[in-house]
Amino acid sequence: MSSPRVKLIENLQSLCNKHGLIWDDQLSNDIPRKWRIHGDILLLPSNRCFRDSRWLNHIPSDQFWSTIARSFGSSIKRIAFEGSIKNDDFRSPNTRLVLGTDPWINLVENGIKFSYNVDKSMFCAGNNTERMRMGRISCVNETIVDLYAGIGYFTLPFLVHGHARHVYACEWNPDAMEALRRNLQANHIDEDRYTLLLGDNQLICPVGVADRCNLGLIPSSEASWPIACRALRSEGGRLHVHGVVNTKQETHDQWSENVRQRIETIMRDIHQEKNNYKCEIEHIERVKPYGPHLDHLVVDLLLTKISSSS
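Every chain is numbered on its own, with residues counted from 1 as its sequence reads. Where local features are concerned, this predicted model is filtered to residues with pLDDT of at least 70; where side-chain atom pairs are given and counted, the filter is 80 or more; whole-chain, interface and lining totals use all residues. With hydrogens and water stripped out, all remaining heavy atoms of the structure feed into the side-chain values.

Trainee: Explain unusual backbone geometry to me, please; I cannot follow it from the model alone.
Mentor: A negative phi angle is the norm for most residues apart from glycine, just as the trans form is the norm for most peptide bonds. Following Ile218, the chain continues to Pro219 via a peptide bond in cis, the omega torsion being 10°. In this fold, Pro219 is placed in the loop between strand S10 (212-215) and helix H9 (225-231). The backbone of His188 shows a phi angle near 60°, a positive value even though the residue is not glycine. Exposure classes here rest on a 1.4 Å probe applied to the protein chains alone. A residue is buried below 20% of its type maximum, exposed above 50%, and partly exposed in between. The class of His188 is exposed, set by a relative accessible area of 68%. The backbone of His293 shows a phi angle near 65°, a positive value even though the residue is not glycine. The partly exposed category is assigned to His293, whose relative accessible area is 47%. Strands here are runs of E lasting at least two residues and helices are runs of H or I lasting at least four, both read from the DSSP assignment and numbered beginning at the N terminus.

As structure tokens, then:
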């Protein structure tokens, strides 16, 4: 069976012959070698393929893009180009639809339904192992605060598979919040099991309610470490702290120990006149490479209250 790329080349060569466009090495090198498929949409990398102006100068746009879609199978109905993430507060995607008009993508991962507006939000497939890991944690009877909730990357696994009693989902991007609301409904989560909080974590995050807090922001979630500690119950609780580690400067263990010490200090400072706390590392997870000598890590921390005489 021919690969999608072989089929794509064959179909485009035929289309070029039909419209009098001579096939050459420049056109051949303009064919994508990488792509992503989510549901019925084909996602192509911007500025890496189909840059040659001769394509659309010779071939009608609808024929060109529909031929590309057909090459990847009958299920592909839409095509979009994915560019670099915009340098804005929301890390918005830079996406352009070239076939189809509906920007909403629907997909299922680990039995969970996700949807998002490809023009306004993104879905990081590289974090799927961490989403699955969070879904394997039993959160029965737990209240969880999910900082940087996005479209529900971790909120949904906590609720669907972890069976959390209640999740406070904090997110300041209204477009991501719209997708999260849709995803909660699509997965039939009862409304009394979640609270959606739109705005800055410093202003909206609840205090003293959480058994567990997730800090799913990279390259660093450090700005919200004090917020997460305040969100925990006075007895303590668990934190899942994300970050990017430069392995030329420190090991995974060194980074995790530095996080542990900082979190312990923050928790003790918050409750300085009431309680003392210790912080322990329960697990270190390497999620994915983030770049040369850079790793996306998550350290799981357990904070417990101890007596002053301990």
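Trainee: Hey, could you run me through empty space enclosed by the protein in this one?
Mentor: If a probe the size of a water molecule is rolled over the atoms, the empty space left behind becomes visible. Definitions used throughout: a 1 Å grid over protein atoms alone; a cavity as a set of points that fits a 1.4 Å probe which cannot get out; a pocket as an open set with protein on both sides within 12 Å along at least five of seven lines; a lining residue as one with an atom within 4 Å of a point. Grid points are joined across faces, edges and corners, and a volume is the space filled by probe spheres set on the points. With the rule as written, the count across this model stands at one cavity of 30 Å³ or more. What the largest cavity holds in volume is close to 40 Å³. Contributing elements (two or more residues each) for the lining of the largest cavity: strand S6 (112-117) and helix H5 (128-135). Polar here means any residue other than Ala, Val, Leu, Ile, Met, Phe, Trp, Tyr, Cys and Pro, which are nonpolar, and Asp, Glu, Lys and Arg, which are charged; Gly is therefore polar. The class makeup of the residues in the lining of the largest cavity is four nonpolar, one polar and two charged.

Trainee: Would you mind going over the environment of Arg54 with me for this structure?
Mentor: Along the chain, the position of Arg54 falls in helix H3 (residues 54-58). Among the residues examined, Arg54 registers a relative accessible area of 22% and is labelled partly exposed. By definition, residues are in contact when any of their heavy atoms lie within 4.5 Å. If we ignore the near neighbours within four places in the chain, the residues touching Arg54 are Leu21, Ile22, Asp24, Gln26 and Leu27. Two N or O atoms form a polar contact when they lie within 3.5 Å of each other; inside protein one atom must be a possible hydrogen donor and the other a possible acceptor, and for residues adjacent in sequence the pair counts only when both atoms belong to side chains. At a separation of 2.8 Å, a polar atom in the side chain of Arg54 contacts the side chain of Asp24.

Trainee: Would you take a moment to explain the side chain of Arg131 for this structure?
Mentor: Tracing the chain through its elements places Arg131 in helix H5. Here Arg131 falls in the buried class, since its relative accessible area comes to 2%. Ignoring anything within four residues of it in the chain, the contact list for Arg131 reads Glu109, Phe114, Phe123, Cys124, Ala125, Tyr153, Phe154 and Pro157.

Trainee: Explanation requested: the layout of surface pockets in the structure shown.
Mentor: Taken as a whole, the second largest pocket spans an internal volume of roughly 240 Å³. Along the walls of the second largest pocket sit 12 residues, with Leu44, Pro45, Ser46, Arg48 and Glu82 positioned nearest its centre. In the lining of the second largest pocket, the residues fall into four nonpolar, four polar and four charged.

Trainee: So what exactly am I meant to see when it comes to the pairing of strand S2 (residues 41-45) here?
Mentor: Working note: regular strand, side chains alternate between the two faces of the sheet. Most of S2 is tucked away: four of the five residues are buried. For two strands to pair, DSSP has to find at least two bridges joining them. From the end of strand S1 (residues 36-38) to the start of S2, which pair antiparallel, there are two residues, and Gly39 there has a positive phi angle of about 65°.

Trainee: Whenever I open this one, the environment of Leu147 confuses me. Can you help?
Mentor: As for its position among the elements, Leu147 is in strand S7 (residues 143-147). For the pair Leu147 and Ser224, spaced 77 residues apart in sequence, the C-alpha to C-alpha distance is 8.2 Å. Setting aside residues no more than four positions away along its own chain, Leu147 makes contact with Cys170, Asn201, Cys205, Cys213, Asn214, Leu215, Gly216, Ser224, Ile227 and Ala228.

Trainee: Got a minute to help me understand the sheet that holds strand S9 (residues 194-198) in this structure?
Mentor: Within a sheet, adjacent strands bond to each other through the backbone by hydrogen bonds, running parallel or antiparallel. Taken in spatial order, the seven strands line up as S9-S8-S7-S10-S11-S13-S12 in an open sheet, and their pairing is mixed. The open sheet terminates on both sides in strands that have one partner only, identified here as S9 and strand S12 (276-291). Taking each pair of neighbouring strands and ignoring which way they run, the sheet shows an average axis angle of 15°. Axis definition: a line fit to C-alpha positions, over the contact stretch in the case of helices; interaxial angles, taken between N-to-C directions, run 0 to 180 degrees. Strands in contact with H5 are S10, strand S11 (236-246), S12 and strand S13 (294-306); relative to S12, the strand with the most contacts, it is inclined by about 145°. The strands touched by helix H10 (residues 252-270) are S11, S12 and S13; relative to S12, the strand with the most contacts, the crossing angle is about 140°.

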